[in-house]
Amino acid sequence: MAFYHCSIKTPKSRDGKFVPGQKHADYINREGEYKNYDDKTEIAAAHAQYINRQNDFAKENFVKKHGQCVYKANRLPKWADGSASKFFLAADIHGRRNSLSYREFEIALQEELTLEQNIEIVNTILNKYKYFQDKYYALAIHDKQATLDSGKKQIHCHIMVSDKIIDDREHTNERPAEQFFKTYCPVNTENGGAKVDRHFSKDSFGKNVTAFRKFYCDVTNAVFKKYGIDKSIDYRSLKMQREEALRQGDYVKAEILNREPEKYLGPIVSGDKNNPVVQNLLECRKLRSERENLIQAANEQEKILKDAQFISKINKSVNEADNIIRKDYSIKSAQIVTLKNSILFLTNQVTEARKNVLTYDAAKKLAKYNLMNKDEKTLMNKLYTLQKQERELQFEIKNTENTTNELSAKLETIQKCISGLKVQLRPVNKKFNETYWKSKITKNANWLLKENAPFRDKLELLQQNLDEQTAKFRELTVANIKNLHKEAYSAKEVKSVLDNLIINVKNSIAYKEQEYKSLLSRVVSPARAREMALDVFTNHQFKELRQTKKEIQKEKVRLEKDAQPILTKKDYAQRVGDSELLNECDIELSKFVSAYKEQLAKEKVMQGKFNELDRLCNTPQGQEKIQSIIDGILTKNSSIKVQFDTVKSSLSSLKTELKSLTSLSVGVNNQVRLDQNSNTKYFIKETAGMNVTTSGSSISSSTNQDIKILAQAFNGMEEVAPLIARIDDNTDEILDYTHLSTVDKKAKQTASILKEFS
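Computed from a predicted structure; not experimentally measured.

**Overview of the overall build of the chain**
A count of helices and strands for the chain gives 25 helices and nine strands. Counting every position in the chain, which comprises 758 residues, the buried fraction comes to 36%. Across the chain, contacts joining residues at least 24 apart in sequence account for 69% of those joining residues at least 6 apart. As displayed, the chain has an accessible area near 45900 Å², and 51% of this comes from carbon and sulfur atoms.

This is the structure we're talking about:
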């Protein structure tokens, strides 16, 4: 299971004291005073030897418990002689007293990857993440058995880094240890030490830690993808991951992530399998796994059901279209002929597109086939071939009047071969019934469905177009279409009317938005109504208490903020052991503590009053009275709520119409440019059955309808173009309108330009 863990630590022990860098280096490398680590009752800080599993840290009993060091590397100055312990000892001795002698990065690596692939993750981080590129560091990879699951490994990496920057001076001529760790001097850089990197300083720590965690996850996921492993890790909280899944429409993943995060127990508690807390955690993991399996199973059934409904819908559309175009109609208008041809074309398109669409069952079969080895695929191909022959023979026998013994014998032979192949494939089927393979098949099937989604979308769009054309065809035939005389418009006139329509809709939207904002401030929600009712019932005591609570919280925050500099000074005094300064800090802090206790006392009194009011409100009489007040408020506000909902719906419709009109203006503008040197006008030959909506404007509804149909034709809508005719005012010649292709438009524009200059 892919595992995420990433922490950045500083040299501070549990009691708040600084841990020397040499001790930490010895600890991770199992050197120095950590030679007898397992015999000690206290954990010391020799970290370098600990991470490198050297000396006594390499003993069998220690390695069994804490894991072995499987890889070590470093980038250190020459004077360190490749020893992390020596380098960080120098940091302890020559660095400032309260400075950080090292910073440790601890990251989880992945048991699904080989050691070399995990090393690739670590090296990519060290080589690509900017912070590490100019630093001295030592790293070690540990491989240990998971505490709560004996069947899993917990491979992880420790990286100890000095915040001191390797500058140009250090590259050309390394400083000695005593100078390298000295305080940086911007005035006299030659005599001062190396500069400290503030990348993970207090002010920017949170932001940069998040950035590093994201980088670590991206690198790990890239390595997973590179080696074809269907795993990933995520640095974000479960809540953030669930929100992302919902945005992407992955509701199954969102439901799986809809749980509380697992509480970290620590190595001491985790090591005791009899601890009730540990047993509870293991039981929760088991239940969570069962829940995930149930969600996945329910999702599979839902996909199968949706596939059946989708296929049924496609079949129904094709059958309806086939039935309607086979009827003999006496009406032979151009529009009916065009629609009939369009329906025939779409029917063929739907039939062809359906061949490329995967159902969930088909995706699972294909995923299973892709996961087979070469021999298993050979057997499966033979089985598919024989099953195809079996179906062909069965069809032939069924449609033959006098079935021959030869055909029956051939069918029997094929069926025996099929049975034999199925026996050979039993181990394969048994393997694919295991939990691991089931999960892999499901994930691969989902991936195939995702890849196939454009084909399904195309089929769905074709089916919708087919339904629309079929409905339009039915309307036209029922209405007994007649050719109607229509007024002719030039492209400029169409543009003018359309622009007026857009302006009118925009004005309507502006008016409705003002009305919406006005009503929004007056609409009372049920939660707000309850709050108002509580205030009325308690004679506004609830409101006063809420205000008092805000003031107390504000004062507490102010006290905490004002006391922070003194706490920082006290922390410094404790670290340097300055008792005089420590006493001064305690005296100053006592004032803040006293004031803070006063606020806590006020808060307690206020909470008591809250509780009294709660008890009063929760009595049967109180509940009845409060509900009565709520009902009164909502009833009084109901008319405003109805107005608000109406305005909201109207505003949404207007915005949709504006979007449609604006998109139509693009094609109209193109037609205006094309017709600028001609006297071409356009009119509607047939409009029966056209469902065109109109907005409120001074222009007649009939004119609006004509203009919109013409605009649709100018935008290349194939089903509208046959309804339009064009006439040249100079010759009075009437021609059918066809939407010009891009090449035709460019040719016409070129001809117009040449004509202009000729």
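**Digging into the side chain of S204**
Of note, S204 is situated in the loop between α7 (177-180) and α8 (205-226). A distance of 3.1 Å separates a polar side-chain atom of S204 from the backbone oxygen of H199. Residues in contact with S204, not counting those within four places in the same chain, are R198 and H199.

**A few points about helix α19 (residues 491-520)**
Between its terminal C-alpha atoms α19 stretches 42 Å, which fits the 44 Å expected from 30 residues at 1.5 Å a residue. Those residues of α19 that sit buried are A491, V494, V497, L498, L501, I502, V505, I509 and L519.

**Let's talk about the confidence of the model for the chain**
Regions with low pLDDT should not have their predicted coordinates read in detail. Summarising the model, the chain shows a mean pLDDT of 79, and 80% of its residues fall at 70 or more. Under a pLDDT of 50 for its full length, residues 36-45 has, in the predicted model, 24 contacts with residues more than four places off or in other chains. Low pLDDT, under 50, characterises residues 687-700; the predicted model gives this stretch 37 contacts beyond four residues in sequence or across chains.

**Points about the packing of aromatic side chains**
Under the defined criterion, the tally for this structure stands at 23 aromatic pairs. Above the face of the W437 ring, K431 is positioned so that its terminal group lies 4.7 Å from the ring centre. When the ring centre of F310 is taken as origin, the NZ or CZ atom of R456, which lies over that ring, is 4.8 Å away.

**Re unusual backbone geometry**
Here N539, not a glycine, exhibits a phi torsion of approximately 60°, which is positive. Checked against the element boundaries, N539 lands in the loop between α20 (526-537) and α21 (541-576). Notably, H540 is not glycine yet its phi reads approximately 65°, a positive angle. Positionally, H540 belongs in the loop between α20 and α21.

**Points about helix α5 (residues 115-128)**
Given a rise of 1.5 Å per residue, 14 residues ought to cover 20 Å, and the 20 Å separating the end C-alpha atoms of α5 matches this to within 8%. Residues of α5 that are buried: Q117, N118, I119, I121, V122, I125 and L126.

**Notes on the pairing of strand β3 (residues 103-108)**
Buried residues dominate β3, accounting for six of its six residues. By the bridge criterion, four bridges tie strand β1 (residues 6-9) to β3 in an arrangement that is antiparallel. Bridging across to β3, S7 finds its partner in E106.

**Looking at the sheet that holds strand β2 (residues 68-75)**
Pairing within the open sheet is antiparallel, and its five strands lie in the order β1-β3-β5-β4-β2. Either end of the sheet is taken by a strand with one partner, and the two such strands are β1 and β2. Each neighbouring strand pair of the sheet contributes to a mean axis angle of 15°, computed without reference to strand direction. Where β2 meets strand β4 (residues 137-145), seven bridges bridge the pair, whose relative direction is antiparallel. Each bridged residue has a counterpart across the sheet, and for A73 the counterpart in β4 is L139. α5 contacts β2, β3, β4 and β5 (153-161) of the sheet and is inclined by roughly 150° relative to β4.

Criteria and cut-off values
- Residues numbered from 1 in each chain as written.
- Predicted model: local features only at pLDDT ≥ 70, side-chain atom pairs only at ≥ 80, totals over all residues.
- Heavy atoms only, no water.
- Helix = DSSP H or I, 4+ residues; strand = E, 2+ residues; numbered from the N terminus.
- Buried < 20%, exposed > 50% of the residue type's maximum accessible area, 1.4 Å probe, protein only.
- Contact = heavy atoms within 4.5 Å.
- Areas by Shrake-Rupley, 256 points an atom, 1.4 Å probe, with all protein chains shown as cover.
- Polar contact = N/O pair within 3.5 Å; in protein donor to acceptor, adjacent residues only side chain to side chain.
- Expected span 1.5 Å × (residues − 1).
- pLDDT = per-residue confidence, 0-100.
- Phe/Tyr/Trp six-rings, centres within 6.5 Å; stacked < 30°, edge-to-face > 60°.
- Lys NZ or Arg CZ within 6 Å of the ring centre and 35° of its normal.
- Pairing = 2+ DSSP bridges.
- Axes fitted to C-alpha atoms, helices over the stretch in contact; angles between N-to-C directions.

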